[in-house]
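# Coordinate analysis (summary)
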Amino acid sequence: MELRDKRVIVTGGVRGLGRCMVERLTEKGARVTVFDLDARGLEELERRGGVGCVECDVSDYEQVATATARYHEQFGAADVLINNAGILYSAPLVRIGPSGVEKHDPAAWQKVLAADLSSVFYMTACVVEKMVATRTRGVVVNISSVSAAGNAGQSAYSAAKAGVNALTATWAKELSLMGIRVAAVAPGFTETESTKEAISESVLRETVKRVPLRRLGRPEEIADGVVHVIENDFFNGKVFELDGGLIL
Amino acid sequence: MESLLAEVLQMPAALVTDDLTMKDVDAWDSLKHMELVVALEQTFDLQLTFDEIVAMQSVREIKRVLGERSALK
């Protein structure tokens, strides 16, 4: 797919990897709209111009249904959906703490699954519905993670991202006949604020030692991977791992 | 056209009559329906609209849609 003048929705595009994707896509001439819950960040993005902004908590189905309906009224079907929004959360199933053995917080489990997996389901259902109804030959790119393979200390996050990979394969099988490709990009550990917030410096230092390239990924490298997946019309149903060779 | 439907729905061509509907064939689910749409589009070199795809719930309706598109001579 040639990106120039294509309508692209990026969830969680206010900061981090999503922001980098937005910049790369606008450079390519795409008409990008960001769905994000960060109202202040959206205002700042809107002031810079060149990008549409929609305030939406993509882990809430009602908000997604309303926001996508408004988007479709204004622009018609999107050509590309990038499911990037999510939260990075690290906690093992159990940990030995001062008060003995502590279980993973079930509320945190629910929150991560809602933000990282349900959001992908909600957004894709609402956006693809319109693609199908208008016979738009679109692309859905899900941002997964190398943690989908199972990363110690990330029960909820790993499970959510494994779910994203399963949805990617499932939807590619279901939607390809309608001309809609679905693929995923799985970054390894990347230089973003959310990585620094969720993973301690010492753990990150040890992780880098396990990366054959001995460094973290750069957001631009991940954004380039997303562009590649969109532009290569034969890439479908697969996860494009961008991890510097890391094997968990 | 009947042979195309029979091939996609994996049933004998003799059973593909005008009265045959999606409800009559277990295998004719929504995914199979899209497979059928793609096969028809490729065979008759056309792109069906969403409304046409939704309307094609029976062999008779498929023939009507294709007839209106002049795909069936």
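Quick caveat: nothing in here was measured; it's all calculated off a predicted structure.

### Some points on the environment of S145(A)
Residue and element names in this part refer to chain A. Mapped onto the elements of the fold, S145 is located in the loop between β7 (139-143) and α5 (155-175). Between the alpha carbons of S145 and A186 there is a distance of 4.1 Å; along the sequence they are 41 residues apart. Setting aside residues no more than four positions away along its own chain, S145 makes contact with K161, A186 and P187.

### Focus: the nonpolar core
Among soluble globular proteins, nonpolar side chains are generally buried collectively. Membership of the largest hydrophobic core comes to 67 residues, with the highest contact counts inside it found for V8(A), M21(A), V34(A), I82(A), V141(A), V185(A) and V226(A). Among the elements that make up this core, the one with the highest residue count is helix α4 (residues 106-133) of chain A (ten residues). If we skip the residues at most four places from it in the chain, M21(A) touches V10(A), G13(A), I82(A), N84(A), A223(A) and V226(A). Grouped together as the second largest cluster of nonpolar side chains are 14 residues, L9(B), I53(B), I62(B) and L66(B) included.

### Focus: the pairing of strand β3 (residues 52-55) of chain A
Residue and element names in this part refer to chain A. Pairing analysis gives four bridges linking strand β2 (residues 31-36) to β3, with the strands arranged parallel. Note on β3: the bridge partner recorded for T33 is G52. Regarding topology, helix α2 (residues 39-48) serves as the crossover connection from β2 to the parallel β3, and that connection is right-handed.

### Concerning the packing of helix α3 (residues 61-75) of chain A against α4(A)
Residues and elements named next belong to chain A. Interaxial distance between α3 and α4 falls to 9 Å at its minimum, and their mutual angle equals 30 degrees. Here α3 is positioned roughly parallel relative to α4, judged by the angle of their axes. Considering the relative orientation of α3 and α4, their crossing is right-handed. Of the residues in α4, those touching α3 at Y61, V64, A65, T68 and H72 are Y122, M123, C126, V127 and K130. Broken down by class, the residue content of the contact of α3 with α4 amounts to seven nonpolar, two polar and one charged.

### A look at the environment of A152(A)
Residue and element names in this part refer to chain A. Here A152 shows up in the loop between β7 and α5. The exposure class of A152 is exposed, given the 11 C-beta atoms found within 10 Å. C-alpha separation for the pair A152 and V141, spaced eleven residues apart in sequence, amounts to 26 Å.

### Points about the packing of α4(A) against α5(A)
Residues and elements named next belong to chain A. Where α4 contacts α5, the axes come no closer than 8 Å and their chain directions differ by 15 degrees. The orientation of α4 relative to α5 falls into the category roughly parallel. Here α4 and α5 pass one another in a crossing that is right-handed. Across the interface between the two elements, A108, W109, V112, L113, D116, L117, V120, F121, T124 and V128 from α4 touch A156, Y157, A160, K161, G163, V164, L167, W171 and L175 from α5. Its residues assigned to classes, the contact of α4 with α5 comprises 15 nonpolar, two polar and two charged.

Cut-offs and rules
- Residues numbered from 1 in each chain as written.
- Chains lettered and ligands numbered in written order.
- Predicted model: local features only at pLDDT ≥ 70, side-chain atom pairs only at ≥ 80, totals over all residues.
- Helix = DSSP H or I, 4+ residues; strand = E, 2+ residues; numbered from the N terminus.
- Contact = placed C-beta atoms within 7 Å.
- Core = buried A, V, L, I, M, F, W, Y, C linked by C-beta atoms within 7 Å.
- Buried ≥ 20, exposed ≤ 12 C-beta atoms within 10 Å, placed from the backbone.
- Pairing = 2+ DSSP bridges.
- Right-handed = clockwise from strand over helix to strand, strands pointing away.
- Axes fitted to C-alpha atoms, helices over the stretch in contact; angles between N-to-C directions.
- Parallel < 35°, antiparallel > 145°, perpendicular 65-115°, else oblique.
- Left-handed = near helix turned anticlockwise from the far one by under 90°.
- Nonpolar A, V, L, I, M, F, W, Y, C, P; charged D, E, K, R; others polar.

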